[in-house]
Each structure stands twice: as C-alpha cells, then as structure tokens.
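# Working through the structure, step by step
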Amino acid sequence: MRRARFGRMRGWRLALGLCAGLALGAGPAAAEESAQADGVRIGVTVLLASDQPGESDPRCERFDKLLRGQVAYESLSVVDNHEREVPLDEVWTVELPTRKHLQIRALAADREQGTLLSLDVEESVQGDFRVRPGQPLVVGGPRYGEGRLVVVVDID
Amino acid sequence: MKREGLERERLEAYRDGELSRLARWRFERRLRRDPAARRALAELDALGAWLRESDAAGPEPDLWGSLRLRLSAADARRAEAEETRAAAPSWRRPAGYVALGAAAVGAAAVALVLSLESAPAPAGSGSGSVRWIDARGHPMMVLRDDADATIIWVPEAAEV
C-alpha cells in the first residue's frame with residue numbers, strides 16, 4: 001500500500017519535472033535548432049598589395065577604395081578567391097597562398113546585427129567580429145612576394 | 001547493453017569534469033559505495049594514461065585549430081551578452097558613476113597606446129565589428145572599424 005502510494009508520488013514528481021524541463025528547455029532548444037540549420041555565405045578574397053606598380057585589376061576597385069590612404073602600396077591584385085555556404089558553428093579552413101591557414105567559423109547570424117564570426121589567421125591575428133553584408137573584414141600586413149598579403153572576408 | 005553505454009558515458013563525463021556540481025556529488029557518493037564503478041573508473045584512468053603515453057611517442061593530432069575557435073566562440077557569446085547588458089544607460093545603475101569614471105580613465109590610457117597586441121572590443125563600438133582580437137604578440141593596428149569596413153593591419157608579422 002505504502003509502496004504503491006510512493007510509486008504514485010514518484011510518478012507525479014517525474015511528470016512535473018518533465019513539464020518544467022520542457023517549458024524551460026523547449027524554447028531555446030528550438031531556436032538553437034533553427035539557427036543550426038542556417039548557413040552563412042562567406043567570401044574570402046586574398047589580395048596582394050604590392051610595392052611595385054602594376055595594372056589596375058577591376059576586381060580590386062572596391063578594395064582599393066577601402067585600402068587607399070590607409071596602407072602604402074603601389075598596386076593591388078587578386079591572388080585567390082573562395083566562396084562557400086558555411087553552416088553555423090562549422091569551421092571553414094582556407095589555405096592561403098603562403099601555406100598558412102585561415103579558419104573561419106560563423107557563431108551566430110542575425111539579419112540586423114550581422115554575423116558573429118570567429119576568425120583565425122595562422123600565426124597572426126585571431127578574433128571575433130560582427131560582420132555585416134557590405135562591411136568587409138580586412139586583415140593584412142604579412143609580407144608576401146613583393147608586397148603584403150591582404151585577406152578580405154565578406155558576408156552575403 | 002544500453003545501460004552499460006550510459007554508465008560508460010557518465011564515467012567519462014565525470015572523469016572529464018563535465019558533470020554538474022550536483023551530478024558530480026551524486027556520482028562520487030555512488031563511487032564510494034560501488035566497487036564495480038571504482039574499478040571501471042580505474043580502468044578508464046589506465047586507458048587514458050596509456051593513450052597519453054602513445055600520443056607522446058607519435059605526432060600530435062592537429063586538433064588545436066578547431067578547438068581554438070571553439071574556445072573563442074564561448075568568449076564571443078559572453079562578450080556579446082556583456083555588450084548587450086552594457087547598452088543599458090549606465091547612469092541608471094548604482095555603479096554607473098564609477099563605471100563612467102573608469103571609462104574616462106580607460107579612454108585616456110588607450111589614447112597613449114600606439115600599438116595593440118591584444119584588445120577587447122571597444123565599448124559601445126556601434127557599427128564597428130571588432131568584438132575581441134589578439135595578434136599573438138605581433139604589433140597590430142585597427143586602421144578602421146566603421147560601417148564601411150574593418151581593416152586590421154599586422155605590419156611586423158613574419159612572412160606567412
């Protein structure tokens with residue numbers, strides 16, 4: 001008798017616990033799931049800001065406007081270009097022309113606030129950035145060839 | 001069989017320090033009473049020691065790259081949460097005046113720094129994108145961080 005009553009009480013406690021757990025956990029879990037399903041279109045353009053004069057590359061026009069006056073160089077050219085849909089929380093590794101690696105991970109995507117990116121240039125800069133479409137993240141400076149290597153990360 | 005799997009998972013979680021404080025306390029209480037669980041834990045410890053020795057002998061797997069980003073992910077989310085909290089007008093909080101004073105002193109100190117090696121996001125960076133940044137000891141400059149672009153320059157870095 002006592003055992004049966006204990007069993008019923010235990011059942012009620014379990015049911016209450018389950019309900020509370022569902023109420024607390026379902027909202028954030030569902031939001032997390034929908035975020036996980038999303039991906040972010042990320043573009044990586046590798047440029048050479050050369051110390052030598054050269055022909056102007058039309059693909060560099062936009063980057064030239066950003067960099068001109070900020071850093072010293074004679075000409076700008078595109079060395080490499082990558083683009084990929086990267087699922088949230090997945091690490092995308094891009095090999096730079098110098099054999100070093102660039103790692104990018106989209107942590108959170110928000111239409112208004114932009115995409116929170118974790119970025120790591122091997123043996124150089126690492127950091128977290130809130131990148132918005134049309135607001136590229138430019139990391140440069142390392143010597144490469146006759147100039148400096150510049151990595152531009154864009155979000156669609 | 002399924003129960004064994006769960007037991008194993010719990011043992012590994014305990015060993016890796018992944019259990020919550022309450023779950024850890026309950027598990028340790030069980031360990032004191034259950035010789036079989038203690039034996040299983042000892043076996044797991046021995047296996048771990050053996051694996052560490054094997055790793056020491058051979059080349060290390062390159063797991064640090066993705067782990068590094070994973071670690072900073074936690075930092076980034078925390079920083080974002082703190083930033084959101086900081087967005088509330090600070091003068092409405094009891095510590096607001098202290099924070100304002102500290103911010104003024106901090107701003108003056110930042111103005112004196114010519115090159116950065118590691119820096120948190122500038123408070124109230126608005127349209128800027130930098131939340132956290134580290135140049136691993138290289139001198140670094142954030143040339144611009146506004147609505148048009150963020151440009152980070154590492155002038156003295158070795159050839160990459």
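Residues numbered from 1 in each chain as written. Chains lettered and ligands numbered in written order. Predicted model: local features only at pLDDT ≥ 70, side-chain atom pairs only at ≥ 80, totals over all residues. Heavy atoms only, no water.

In this assembly, 41 residues from chain A lie in contact with 39 residues from chain B. For the pairing of chain A and chain B, the buried interface totals around 3500 Å² over both sides, and the portion due to carbon and sulfur atoms is 53%. Ranking the residues of chain A by area buried against chain B places Q126, D128 and Q135 of chain A at the top, with a combined share of 17%. Our count for the contact surface shared by chain A and chain B stands at 14 residue pairs in polar contact (both at pLDDT 80 or more). Elements with a minimum of two residues in the side of chain A that touches chain B: α2 (61–67), β4 (101–110), β5 (114–121), β6 (126–131), β7 (137–144) and β8 (147–155) of chain A. Of all the elements, β7 of chain A adds the most residues to the side of chain A that touches chain B, at seven residues. Of the residues contributing to the side of chain A that touches chain B, the split by class is 19 nonpolar, eleven polar and eleven charged. Across four bridges, the pairing between β6 of chain A and strand β2 (residues 130–134) of chain B is antiparallel. Counterpart to D128 of chain A in the pairing with β2 of chain B is W132 of chain B. (Contact = heavy atoms within 4.5 Å. Buried area = accessible area lost by both parts, 1.4 Å probe. Polar contact = N/O pair within 3.5 Å; in protein donor to acceptor, adjacent residues only side chain to side chain. Helix = DSSP H or I, 4+ residues; strand = E, 2+ residues; numbered from the N terminus. Nonpolar A, V, L, I, M, F, W, Y, C, P; charged D, E, K, R; others polar. Pairing = 2+ DSSP bridges.)

This part takes up the environment of R132 of chain A. All names here are of chain A. Relative to the assigned elements, R132 resides in the loop between β6 and β7. Through-space distance from the C-alpha of R132 to that of Q113 is 7.1 Å; in sequence the pair is 19 residues apart. At a separation of 3.4 Å, a polar atom in the side chain of R132 contacts the main-chain carbonyl oxygen of Q113.

Turning to the sheet that holds strand β4 (residues 150–153) of chain B, a few remarks are in order. Ordered in space as β2(A)-β1(A)-β8(A)-β7(A)-β4(B)-β3(B), the six strands form an open sheet in which the pairing is mixed. Bordering the open sheet on either side are β2 (75–87) of chain A together with β3 (141–145) of chain B, each of which pairs with just one other strand. Each strand axis lies, on average, 20° off the axis of its neighbour in the sheet, ignoring direction. Summarising the sheet, β3 of chain B and β4 of chain B pair through four bridges and their orientation is antiparallel. Within β4 of chain B, the position partnered with M141 of chain B by the bridge is W153 of chain B. (Axes fitted to C-alpha atoms, helices over the stretch in contact; angles between N-to-C directions.)

Mean pLDDT over chain A: 81, with 76% of residues reaching 70 or higher. pLDDT under 50 marks residues 21–36 of chain A. Its contacts with residues more than four places away, or in other chains, come to four contacts. (pLDDT = per-residue confidence, 0-100.)

Summarising the element assignment, Q103 of chain A is placed in strand β4. Side-chain polar atoms of Q103 of chain A contact the side chain of T93 of chain A, separated by 3.4 Å.

All names here are of chain B. In this model helix α2 (residues 21–33) runs 19 Å from its N-terminal to its C-terminal C-alpha over 13 residues, within 8% of the 18 Å that 1.5 Å per residue would give. Inspection of α2 places A23, F27 and L31 among the buried residues, and these make up the whole buried set. Axial view of α2: buried residues confined to an arc of 75°, hence all on one face. Residues R21, L22, R26, R32 and R33 are exposed on α2 and point more than 90 degrees away from its buried face. (Expected span 1.5 Å × (residues − 1). Buried < 20%, exposed > 50% of the residue type's maximum accessible area, 1.4 Å probe, protein only. Arc of directions from axis to C-beta.)

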